[in-house]
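Each chain, written out:
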Amino acid sequence: IVVFAAYRIGSRALKNGVLWAMAAAAFVAIFAFDVPFPAIVLAAALIGYLGGQLAPEKFKAGGGHGAADKHFGPALIDDDTPPPSWVRFSWGRLIGYSAMGLALWAGAMALLMAQGGWAGVLTQMGWFFTKAALLTFGGAYAVLPYVYQGGVETYGWLTGPQMIDGLALGETTPGPLIMVVAFVGFVGGIQAPQMQAMFGPDGLFLAGAIAASVVTWFTFLPSFIFILLGGPLVETTHGNLNFTAPLTAITAAVVGVIVNLALFFAYHVLWPQGFAGNFDLVSALITLAAALALFRFKQSVIRVIAASALLGLALKLLGV
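Each chain carries its own residue numbering, running from 1 in the written order of its sequence. Residues qualify for local features only when their pLDDT is at least 70, as the model is predicted, and side-chain atom pairs are given and counted only at 80 or more; totals for whole chains, interfaces and linings, by contrast, use all residues. Remark: hydrogens and water are excluded; side-chain values derive from all non-hydrogen atoms of the structure.

A. View of the nonpolar core. Side-chain atoms within 4.5 Å are what join buried Ala, Val, Leu, Ile, Met, Phe, Trp, Tyr and Cys residues into a set we call a nonpolar core. When a residue's accessible area, from a 1.4 Å probe over protein chains only, is under 20% of the maximum for its type it is buried; when over 50% it is exposed; and in between it is partly exposed. Of all hydrophobic cores here, the largest spans 65 residues; its most connected members are L122, F129, L144, W157, M163, L167 and V184. Helix and strand assignments follow DSSP, with helices taken as H or I runs no shorter than four residues and strands as E runs no shorter than two, numbered in order from the N terminus. At 13 residues, the largest contribution of residues to this core is made by helix α11 (residues 241–270). Two residues qualify as a contact provided that any one of their heavy atoms is within 4.5 Å of a heavy atom in the partner residue. Ignoring sequence-local partners within four residues, the contact set of L167 consists of L144, L177, V180, F264 and F265. Core analysis: the next-biggest nonpolar cluster, separate from the first, contains five residues, F4, A290, L294 and V304 among them.

B. Representation of the packing of helix α5 (residues 121–133) against helix α10 (residues 204–234) within the structure. Angles run from 0 to 180 degrees between N-to-C directions of axes, and those axes are lines fitted to C-alpha atoms, restricted for helices to the stretch in contact. Between α5 and α10, whose axes approach to 8 Å, the crossing angle comes to 30°. Comparing their axes, α10 and α5 come out roughly parallel. As α5 runs across α10, the sense of the crossing is right-handed. Each of L122, M125, G126, F129, T130 and A133 in α5 lies in contact with α10, whose residues at this interface are I210, A211, V214, V215, F218, T219 and P222. Residues were grouped as follows: Ala, Val, Leu, Ile, Met, Phe, Trp, Tyr, Cys and Pro as nonpolar; Asp, Glu, Lys and Arg as charged; and all remaining residues, including Gly, as polar. When the residues that make up the contact of α5 with α10 are grouped by side-chain class, the tally is 10 nonpolar, three polar and no charged. Our angle categories are set so that under 35 degrees counts as roughly parallel, over 145 as roughly antiparallel, 65 to 115 as roughly perpendicular, and the remainder as oblique. Helix crossings fall into two classes, left-handed where the near helix is turned counterclockwise from the far one by less than a right angle and right-handed where it is turned clockwise.

C. Just the environment of L177, in detail. Looking at the element boundaries, L177 is found in the loop between α7 (160–171) and α8 (180–191). Residues L177 and L167, 10 residues apart in the sequence, show an inter-C-alpha distance of 7.7 Å. If we ignore the near neighbours within four places in the chain, the residues touching L177 are A140, Y141, L144, L167, G170 and E171.

D. Examining empty space enclosed by the protein more closely. Only protein atoms enter the 1 Å grid, on which a cavity is a set of points fitting a 1.4 Å probe that cannot get out and a pocket is an open set with protein on both sides within 12 Å along at least 5 of 7 lines, lining residues being those with an atom within 4 Å of a point. Grid points are joined across faces, edges and corners, and a volume is the space filled by probe spheres set on the points. The final tally for this structure, using the stated rule, is one cavity of 30 Å³ or more. In this structure, the largest cavity occupies an estimated 40 Å³ of space. Contributing elements (two or more residues each) for the lining of the largest cavity: α4 (91–116) and α10. Looking at side-chain class alone, the lining of the largest cavity contains six nonpolar, one polar and two charged residues.

E. Quick look at the packing of aromatic side chains. Between rings of Phe, Tyr and Trp, where Trp is taken as its six-membered ring, a pair exists when centres lie within 6.5 Å; planes separated by under 30 degrees are stacked, by over 60 edge-to-face, and by other angles tilted. Counted under the stated rule, the structure contains 19 aromatic pairs. Where W105 meets F218, the ring centres are 6.4 Å apart and the plane angle is 90°; that geometry is what we call edge-to-face. On the criterion of sequence distance, the pair formed by W105 in helix α4 and F218 in helix α10 is long-range, its members being 113 residues apart. Taking the relative accessible area as the measure of exposure, F218 reaches 1% and is therefore buried. Here the aromatic rings of F128 and Y155 are separated by 5.7 Å at their centres, their planes lie at 65°, and the arrangement is edge-to-face. On the criterion of sequence distance, the pair formed by F128 in helix α5 and Y155 in the loop between α6 (140–154) and α7 is long-range, its members being 27 residues apart. Judged by relative accessible area, which is 27%, Y155 ranks as partly exposed. Every member of this aromatic cluster is reached through a ring pair, and the members are F128, F129, Y146, Y155 and W157. By definition, being over a ring means that NZ of Lys or CZ of Arg is both within 6 Å of the ring centre and within 35 degrees of the ring normal. We note R296 situated over the ring of F297; from NZ or CZ to the ring centre the distance is 5.3 Å.

F. Just the packing of helix α1 (residues 2–13) against α11, in detail. Where α1 meets α11, the closest approach of the two axes is 9 Å, and the angle between their N-to-C directions is 165°. The orientation of α1 relative to α11 falls into the category roughly antiparallel. In this structure, α1 meets α11 at a crossing whose hand is left-handed. In contact with V2, V3, A6, I9, G10 and A13 of α1, α11 contributes T251, V255, I258, V259, L261, A262 and F265. The residue makeup of the contact of α1 with α11, split by class, is 11 nonpolar, two polar and no charged.

G. Molecular detail of the layout of surface pockets. Of the pockets and cavities examined, the second largest pocket occupies roughly 1,200 Å³. Lining the second largest pocket are 31 residues, and of these A168, F265, V269, I286 and T287 sit closest to its centre. For the lining of the second largest pocket, the secondary-structure elements that each account for two or more residues are α1, α7, α11, α12 (281–296) and α13 (301–318). Within the lining of the second largest pocket, the residues separate by chemical class into 22 nonpolar, six polar and three charged.

H. Quick peek at the side chain of T248. Within the secondary structure, T248 is located in helix α11. Not counting the four nearest positions on each side in its chain, T248 is found in contact with L19, F59, K60 and A61.

I. Molecular detail of the environment of V147. With respect to the element layout, V147 can be found in helix α6. In this structure, the C-alpha to C-alpha distance between V147 and K131, residues 16 residues apart in sequence, is 9.9 Å. When near neighbours in sequence (up to four residues on either side) are disregarded, V147 contacts F128, F129, A132, V152, M163 and V184.

Honestly, it's all geometry; don't read function into it.
Structure representation (structure tokens):
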């Protein structure tokens, strides 16, 4: 499914050799050299900005969601409809919304620090997922390896297999995959020794629910503030390479990052005990069948997920 996502995005976004090269470079950087995702985003944005000045034809936006090949008549709010005054940019709104966002963020962070200090598990969750929220270029597939690195390797809130279970759970839901962060917060909350000591053995559900709420707050608060800040500016960026070229370059880099996520999945699913352990042939056959269903027979992702889940349940019941 992740390879298929990379294929769909890449077929629309990689329009020339330069963008293909950026996708390949991003993949090599994160896979072979373990370059942090934030550094890849910043480098791609810089290359896109410079490329928009030096070779603008290579960084023209287009194709992100497919061409509009049907027309259904004029809309109530169309492309040439003058925007109402209350959605036009103003410095007053920019400053007001920025102050509101910072106040909401700082207030919640102050409460967490008062409860557990800077080293407290909830404070660290808030700080980490604030950083993750600022890096959601390309959607969940691009940022989830960063969440895995932080949640599993850096902080140890949950184990690798638990994180894989969370990612699989996210694929089965109709909501955005980034909601996996709530799963990370909940599992981390019930497993953290600090939370266990605070809530006791009978209050672990409450501990997990509070941690999940904290993670969700700090993940989505920046998104809503950015909408309020950037909404009035969106229309003015159409065709402006100073804005679109960096985003085009970031999208190309994200394709390489998503391919890396596919290999990340493959490693943890096909070799669950690591390369020194046994190869999971059953999972490999399910992977192959899913790939054929998506690429060859054009089945929907929902059908592939449902069939795979039922097959996995059947194999579990049979003891395979």
